[in-house]
Amino acid sequence: MAPVLPVPSTAPAARALPPVAVTLALAALLHTAFWRLVGADMTAYLVPWFDHIVATGPIAAFATPFSNYAPPYLYCLALASLFAGWLPAITLIKLVSVAGTGALALAIGHLLRRLGAASPARGAALVFLLPSVAINASLLGQCDAFWAAACVMAVTAAIDRRHATMLAWCGVAFAFKLQAVLVAPIFLALLIQRRVPIRLWLVAPLTTIALMLPAAAAGWPIADLATVYLRQGTYFADLSRNAPNIWSIVQMLPIGDTPLLGLALAMAIGATAAFTARFSAQPLHGRTVLAAALLAMLVTAGLLPKMHDRYFFLADILALALAVSAGDRRSWLIAALVQTGSVLALFAYVSGIAGFAAIAAVPMLVATWRLARPLLQPAANDNPLLARVAGMTSSPEKPSLMLSTARFAAKVD
């Protein structure tokens, strides 16, 4: 089926975005402010991994397990290690993260052009200006931008109905970080709703495996590679680790030693199953695919236990893309709420004050509610052309499908 053509945006808010040069200048100042700061994970994990690569060589380093991150990010560190004699380790690690932000900005620009946004270049530049992105790269030196960029490319491919490409990007995202699974429900729903052949579903795991093979070829035990994600969930016992979700609020309550992990998992699994079932029965096109992907992130990360402060990173990015492409006040409010929640959660991590995570959960929950309301209206075929072909006309007793679609699109777009 041919891809759905984008609808050009005429929203005045999109035309009001600051020029690219101004945005990048402000982003440079923001990144500079964070550059001299060093997070705890940098000294405890990232620098020792980098030093190991420098000491043993960019290829020989992978002969033995030396990190609890998947290999694709470590490949990036190995490439950066070639410049170890020129720049300090922390600087090189942070430059790798900023390069990931650049890839993410390019992915957002591609998505915005596909959606017909008025200012895709300006919207892409805004990625660098997001406080959560600047903190992630220039302060923490993390690699979340890489898997988020792959997820954004997967969303764009989903809009174009290029399902093999969508699944390949999903595989790339998952190879970088397990967090990519948080947005998986929307892709699963699209595969079911569009009746994508099962054989194509294998593209995602095969892509992930392919990206693990270089490390395996260098000597990294395959059994260790296969279980790297399983071990990460055992590192802490908290119901939430500074994540801006409902469990940060719950664990602040005087509930004693009440075991809630099982309840949290049951709620998350139930909500994810309901989400997948709901959207597997509802055709999604254009910007509604993006909105549903954002909702998937907010629902899964909002209900799953053992989430971290950085696990809403992709939600920040998708919310920005939705706001720029839609250009209306409601979408910008959702983006602002999501960003506020993420930044407060990051502050909880940096400061060690867990109470900020509970506060951060409030704007995140409000954003989820405001986004979900129009998306969860009764399902309707939102393609007027298909409605005409099917001969679906209005009657006094039953409003037309096209009218229902117009109302749905007005709320989402």
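Residues numbered from 1 in each chain as written. Predicted model: local features only at pLDDT ≥ 70, side-chain atom pairs only at ≥ 80, totals over all residues. Heavy atoms only, no water.

Examining the overall build of the chain
Inference 1: On a plain count of helices and strands, the chain comes out with 21 helices and 2 strands.
Inference 2: Considering the chain as a whole, with its 413 residues, one finds that 52% of them fall into the buried category.
Inference 3: When contacts within the chain are restricted to residue pairs at least 6 apart in sequence, those whose partners lie at least 24 apart make up 78%.
Inference 4: Counting every atom, the chain has about 17,700 Å² of accessible surface; 72% of that belongs to carbon and sulfur. (Helix = DSSP H or I, 4+ residues; strand = E, 2+ residues; numbered from the N terminus. Buried < 20%, exposed > 50% of the residue type's maximum accessible area, 1.4 Å probe, protein only. Contact = heavy atoms within 4.5 Å. Areas by Shrake-Rupley, 256 points an atom, 1.4 Å probe, with all protein chains shown as cover.)

Topic: the confidence of the model for the chain
Inference 1: Of the residues in the chain, 85% have a pLDDT of 70 or more, and the chain-wide mean is 85.
Inference 2: Considering each helix and strand of the chain separately, the mean pLDDT is smallest for helix H20 (residues 384-389), with a value of 35, and largest for helix H8 (residues 144-159), with 97.
Inference 3: Here residues 1-15 is a poorly scored stretch, pLDDT under 50, and it has 28 contacts once near neighbours within four places are set aside; other chains count.
Inference 4: A low-confidence stretch, residues 379-413 stays under pLDDT 50, and its non-local contacts, those more than four residues away or across chains, total 42 contacts. (pLDDT = per-residue confidence, 0-100.)

Quick notes on the side chain of Thr 300
Inference 1: On the secondary structure map, Thr 300 appears in helix H16 (residues 287-303).
Inference 2: In this structure the side chain of Thr 300 is engaged in a polar contact, spanning 2.7 Å, whose partner is the backbone oxygen of Ala 296.
Inference 3: Here Thr 300 is in contact with Leu 182, Pro 185 and Thr 272, once residues within four sequence places are set aside. (Polar contact = N/O pair within 3.5 Å; in protein donor to acceptor, adjacent residues only side chain to side chain.)

Re unusual backbone geometry
Inference 1: With a phi angle near 60°, Arg 161 is a residue other than glycine that sits in the positive phi range.
Inference 2: Mapping Arg 161 onto the fold places it in the loop between H8 and helix H9 (163-176).
Inference 3: The backbone of Asn 242 shows a phi angle near 65°, a positive value even though the residue is not glycine.
Inference 4: In this structure, Asn 242 sits in the loop between strand S1 (240-241) and helix H14 (246-250).

What to know about the environment of Leu 322
Inference 1: Locating Leu 322 in the fold gives a position in helix H17 (residues 313-326).
Inference 2: A relative accessible area of 3% means that Leu 322 is categorised as buried.
Inference 3: Sequence separation between Leu 322 and Ile 334 is 12 residues, and the spatial gap between their C-alpha atoms is 9.1 Å.
Inference 4: What Leu 322 contacts, discounting residues up to four positions off in sequence, is Arg 287, Leu 290, Ala 291, Leu 294, Gly 327, Ser 331 and Leu 371.

Points about the nonpolar core
Inference 1: One finds Tyr 73, Leu 104 and Ile 186 to be the most contacted residues of the largest nonpolar core, which totals 113 residues.
Inference 2: By residue number, the principal contributor to this core is H8, which donates 14 residues.
Inference 3: In contact with Leu 104, not counting residues within four places along its chain, are Val 127, Ala 145, Ala 148, Ala 149, Val 152, Phe 313 and Ile 317.
Inference 4: Judged by nonpolar contacts, the second largest core, of 6 residues, contains Phe 34, Ala 134, Leu 140 and Leu 346. (Core = buried A, V, L, I, M, F, W, Y, C linked by side-chain atoms within 4.5 Å.)

A closer look at the state of the cysteines
Inference 1: Applying the stated criterion across every chain, the model contains 0 disulfides.
Inference 2: Left unpaired, Cys 143 is separated from the closest cysteine sulfur, that of Cys 76, by 8.1 Å.
Inference 3: Cys 151 carries a free sulfur, and the closest cysteine sulfur to it, the one in Cys 170, is 6.5 Å from it. (Disulfide = S-S within 2.5 Å.)

Here's the deal with a nonpolar patch on the surface
Inference 1: A cluster of nonpolar side chains, Leu 79, Leu 82, Phe 83, Trp 86, Leu 87 and Leu 95, forms an exposed patch at the surface whose accessible area comes to about 660 Å².
Inference 2: With respect to the helices and strands, the residue Leu 87 is situated in the loop between helix H4 (71-80) and helix H5 (89-114). (Patch = residues over 30% accessible without salt bridge, like charges linked within 9 Å, V, L, I, M, F, W, Y side chains within 5 Å. Salt bridge = Lys/Arg side-chain N within 4 Å of Asp/Glu carboxyl O.)

Quick notes on the packing of helix H2 (residues 20-35) against H5
Inference 1: The N-to-C vectors of H2 and H5 enclose an angle of 150°; their axes lie 13 Å apart at closest approach. In terms of axis orientation, H2 runs roughly antiparallel to H5. Like other packed secondary-structure pairs, H2 and H5 cross with a definite hand, here right-handed. On H5, the residues that touch His 31, Phe 34 and Trp 35 of H2 are Thr 91, Lys 94, Leu 95 and Val 98.
Inference 2: Along the lines of polarity and charge, the residues of the contact of H2 with H5 split into 4 nonpolar, 2 polar and 1 charged. (Axes fitted to C-alpha atoms, helices over the stretch in contact; angles between N-to-C directions. Parallel < 35°, antiparallel > 145°, perpendicular 65-115°, else oblique. Left-handed = near helix turned anticlockwise from the far one by under 90°. Nonpolar A, V, L, I, M, F, W, Y, C, P; charged D, E, K, R; others polar.)

Examining H16
Inference 1: With 17 residues, H16 extends 24 Å from end C-alpha to end C-alpha; this agrees with the ideal 24 Å at 1.5 Å per step.
Inference 2: Within H16, 17 of the 17 residues are buried, which leaves it mostly tucked inside the rest of the structure. (Expected span 1.5 Å × (residues − 1).)

Notes on the packing of aromatic side chains
Inference 1: Under the defined criterion, the tally for this structure stands at 11 aromatic pairs.
Inference 2: Centre to centre, the rings of Tyr 45 and Trp 49 are 6.0 Å apart; their planes meet at 55°, and the pair counts as tilted. Pair noted here: Tyr 45 and Trp 49 are both in helix H3 (residues 40-56), with a separation of 4 residues, about one helical turn.
Inference 3: With a relative accessible area of 39%, Tyr 45 lands in the partly exposed category.
Inference 4: Classification of Trp 49 by relative accessible area gives buried; the value is 7%.
Inference 5: Seen from their ring centres, Phe 62 and Tyr 75 are 5.4 Å apart, and the 55° between their planes marks the pair as tilted. (Phe/Tyr/Trp six-rings, centres within 6.5 Å; stacked < 30°, edge-to-face > 60°.)

Description of the pattern of salt bridges
Any two side chains of opposite charge can pair, so long as their charged atoms come close to each other.
Inference 1: Considering all chains together, one arrives at 4 salt bridges under this definition.
Inference 2: Between Asp 144 and Lys 177 there is a salt bridge, and its shortest N-O distance comes to 3.6 Å. A residue pair is termed long-range when its members are at least 10 positions apart, and Asp 144 in helix H8 and Lys 177 in the loop between H9 and helix H10 (184-193) qualify at 33 residues.
Inference 3: Note that Asp 144 is salt-bridged to Arg 310, the shortest N-O span being 2.7 Å. Remark: Arg 310 occurs in the loop between strand S2 (307-308) and H17 and Asp 144 occurs in helix H8; sequence separation between them is 166 residues.
Inference 4: When its relative accessible area of 0% is taken as the criterion, Asp 144 is described as buried.
Inference 5: Salt bridges sharing common partners tie together Arg 114, Asp 160 and Arg 162.

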